[in-house]
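# Coordinates in review
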Number of protein chains: 2
Amino acid sequence: MRTFAEATAVRPEGGAFRAELDAHWAVGDKLHGGYLMAVLARAVTAAASHPHTVAVSTSFLLPPAPGPAVVTVVPLREGRSTAQFRATLEQDRTVCAEALVTQGVLDDAEPYWSAAPPPELPPEDDCFLLPADAPGAAFRVHLLDVVEHRLDPASLGFAVGRPSPAGRVGAWLRLADGADWDPLSMLVALDLAPPISLTLGVTGWAPTITFTAYNRRLPAPGPLRILMNAAEITSGRMDETALAWDAKGNLVAQATQLAAIRV
Amino acid sequence: MRTFAEATAVRPEGGAFRAELDAHWAVGDKLHGGYLMAVLARAVTAAASHPHTVAVSTSFLLPPAPGPAVVTVVPLREGRSTAQFRATLEQDRTVCAEALVTQGVLDDAEPYWSAAPPPELPPEDDCFLLPADAPGAAFRVHLLDVVEHRLDPASLGFAVGRPSPAGRVGAWLRLADGADWDPLSMLVALDLAPPISLTLGVTGWAPTITFTAYNRRLPAPGPLRILMNAAEITSGRMDETALAWDAKGNLVAQATQLAAIRV
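Thresholds applied
- Residues numbered from 1 in each chain as written.
- Chains lettered and ligands numbered in written order.
- Predicted model: local features only at pLDDT ≥ 70, side-chain atom pairs only at ≥ 80, totals over all residues.
- Helix = DSSP H or I, 4+ residues; strand = E, 2+ residues; numbered from the N terminus.
- Rg over C-alpha atoms; globule rule 2.2 N^0.38 Å.
- Buried ≥ 20, exposed ≤ 12 C-beta atoms within 10 Å, placed from the backbone.
- Contact = placed C-beta atoms within 7 Å.
- Least-squares fit on C-alpha atoms with pLDDT ≥ 70 in both.
- Nonpolar A, V, L, I, M, F, W, Y, C, P; charged D, E, K, R; others polar.
- Pairing = 2+ DSSP bridges.
- Core = buried A, V, L, I, M, F, W, Y, C linked by C-beta atoms within 7 Å.

## Observations concerning the overall build of chain A
When helices and strands are tallied, chain A shows five helices and 17 strands. The C-alpha radius of gyration computed for chain A amounts to 18 Å, which stays within 12% of the reference 18 Å derived for 263 residues, consistent with globular compactness. With respect to the principal axes defined by its C-alpha atoms, chain A has extents near 50 × 45 × 40 Å. The buried share of chain A, reckoned over its 263 residues, is 54%. A sequence separation of at least 24 residues applies to 70% of the contacts in chain A between residues at least 6 apart.

## Some details on the relation of the copies chain B and chain A
At an RMSD of 0.0 Å, chain B and chain A line up after a rotation of 180 degrees and a shift of 0.0 Å along the axis. Within this description, the copies of the chain are treated as partners about a two-fold rotation axis. Residue S57 of chain B, judged by its C-alpha, is the member of chain B lying nearest the rotation axis, at 3.2 Å. Residue by residue, 100% of the interface of chain B is reproduced at the interface of chain A, so both copies engage with the same surface.

## Considering the interface of chain B and chain A
If you look at the interface, chain B gives 46 residues, while chain A gives 46 residues. Secondary structure elements with two or more residues in the side of chain B that touches chain A: β5 (52–60), β6 (67–78), β7 (83–91), β8 (94–104), β9 (113–114), β13 (208–215), β15 (232–234) and β17 (251–260) of chain B. Looking at which element gives the most residues to the side of chain B that touches chain A, the answer is β17 of chain B, with five residues. Tallied by class, the residues present in the side of chain B that touches chain A amount to 23 nonpolar, 15 polar and eight charged. Alignment of strand β9 (residues 113–114) of chain A against β15 of chain B, held across two bridges, turns out to be antiparallel.

## A short note on the nonpolar core
Counting residues in hydrophobic clusters, the biggest one holds 173 residues, and the most contacted among them are L40, V71 and A244 of chain A together with L40, V71 and A244 of chain B. Setting aside residues no more than four positions away along its own chain, V71 of chain B makes contact with V10, A16, F17, A19, V39, L40, A43, A87 and L89 of chain B.

## A look at the pairing of strand β7 (residues 83–91) of chain A
Residues and elements named next belong to chain A. Most of β7 is tucked away, with seven of its nine residues classed as buried. Two strands pair when backbone bridges link them, and strand β6 (residues 67–78) and β7 are joined in this way by eight bridges, in the antiparallel orientation. Looking across to β7, one finds that T72 is bridged to T88. The loop that links β6 with its antiparallel partner β7 comprises four residues. Of the pairings in the sheet, the one linking β7 to strand β8 (residues 94–104) comprises nine bridges and is antiparallel in character.

Set out below in structure tokens:
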């Protein structure tokens with residue numbers, strides 16, 4: 001099994017970047033949106049003079065298959081503290097995803113001001129390690145082979161036929177390859193699977209239409225603590241908001257997405 | 001003074017759209033980000049077969065000046081329930097902003113599930129109508145001539161030298177031209193001025209780097225109720241999240257932005 005760094009590697013070729021999309025970073029037969037954003041941001045980071053991905057907004061157009069893909073990076077603006085890019089992921093000359101990416105410099109300085117303390121969660125060892133093969137599930141969550149996802153037991157009712165109306169889940173996440181989290185792998189962590197809809201008892205796909213992530217700080221080594229919640233499911237669409245804190249309890253990243261859903 | 005519909009009007013010309021950016025939709029000498037997104041989304045809506053802007057993510061590259069601008073719309077994917085586009089705003093052949101836009105169909109159906117009740121706010125008449133010319137302010141907020149912004153008095157401490165550490169403001173908003181809110185004008189409402197940083201006592205510009213908005217429902221006639229909060233100011237950047245409810249108390253739109261800030 002390839003590490004996260006290997007699974008998201010890109011190499012320059014003919015003015016673009018070539019990637020080899022990895023079947024393990026998938027939910028059922030669909031590659032994971034956070035993983036695809038990490039590949040896009042990896043290519044932008046390779047092309048940019050600022051070292052870190054600070055923001056990504058991605059429109060998901062067509063699910064790519066595992067295998068070769070091409071990322072094209074177009075500089076839009078180069079500033080002193082940030083630079084902005086457009087990046088597209090193509091497979092067989094079809095655009096699968098397009099992203100607007102901001103690069104900058106992240107550090108681990110204390111915040112000037114913060115109103116986002118980490119949420120209370122049971123200790124990592126008291127949380128439930130989600131299996132890639134859940135009993136009775138319609139598909140295999142391969143992603144859970146490569147991301148260790150320990151769910152707050154309070155969010156686990158859906159697995160035993162007792163969904164919760166709270167629309168909120170907490171979890172501890174680690175990369176199974178033992179690597180520490182970084183600004184690229186945090187994009188995977190922010191796109192938590194399962195979706196909130198499943199915890200509400202709505203089974204079936206919730207394909208992401210558009211996803212926006214902000215990295216706020218370089219994370220300390222150790223697990224990420226994630227809190228995800230939704231505001232509303234209406235007219236076939238659901239929003240999800242995720243916040244991530246590192247092992248020191250500092251806010252490191254945040255995201256929002258809009259997903260399609262059939263209820 | 002032109003109405004919102006007039007100030008954001010676009011007309012097709014040579015495969016693109018021509019707009020006349022209006023100096024009233026500005027904070028100091030900078031055109032308002034929500035207004036620029038409304039112009040971008042107006043052009044996409046004119047080009048699209050789906051009637052409503054459902055999602056917009058915009059990278060702000062260079063502040064345009066009032067006057068002529070050109071919006072180019074590129075279709076990325078046409079689906080049954082949604083279609084996705086790239087839109088760029090240019091002035092003098094320089095790209096000022098680029099957006100990823102999702103079009104779809106909004107309605108005013110009851111939500112399937114909601115965890116976003118409207119916040120408690122004092123009645124509109126008990127809130128404080130913000131003036132375009134604030135005593136002692138370094139610049140004029142022209143936007144407040146065209147958007148009636150009634151701020152929750154609890155958020156008003158900053159104006160009398162007593163900033164609050166809460167990082168949260170509530171407000172009632174109406175268009176001064178008397179028009180009801182729609183999916184395009186809600187993009188203006190979601191980019192609330194003043195920024196959270198000002199309520200914390202941090203004066204000076206907080207220029208938006210990237211902004212993402214989701215429209216969730218067609219709003220009922222009457223004022224919008226907005227709640228905006230920030231999670232953190234760190235390493236020269238601030239996030240802001242806004243939620244909007246209509247006069248019936250239904251969630252109609254939500255947004256997040258990352259802004260640069262000097263503290």
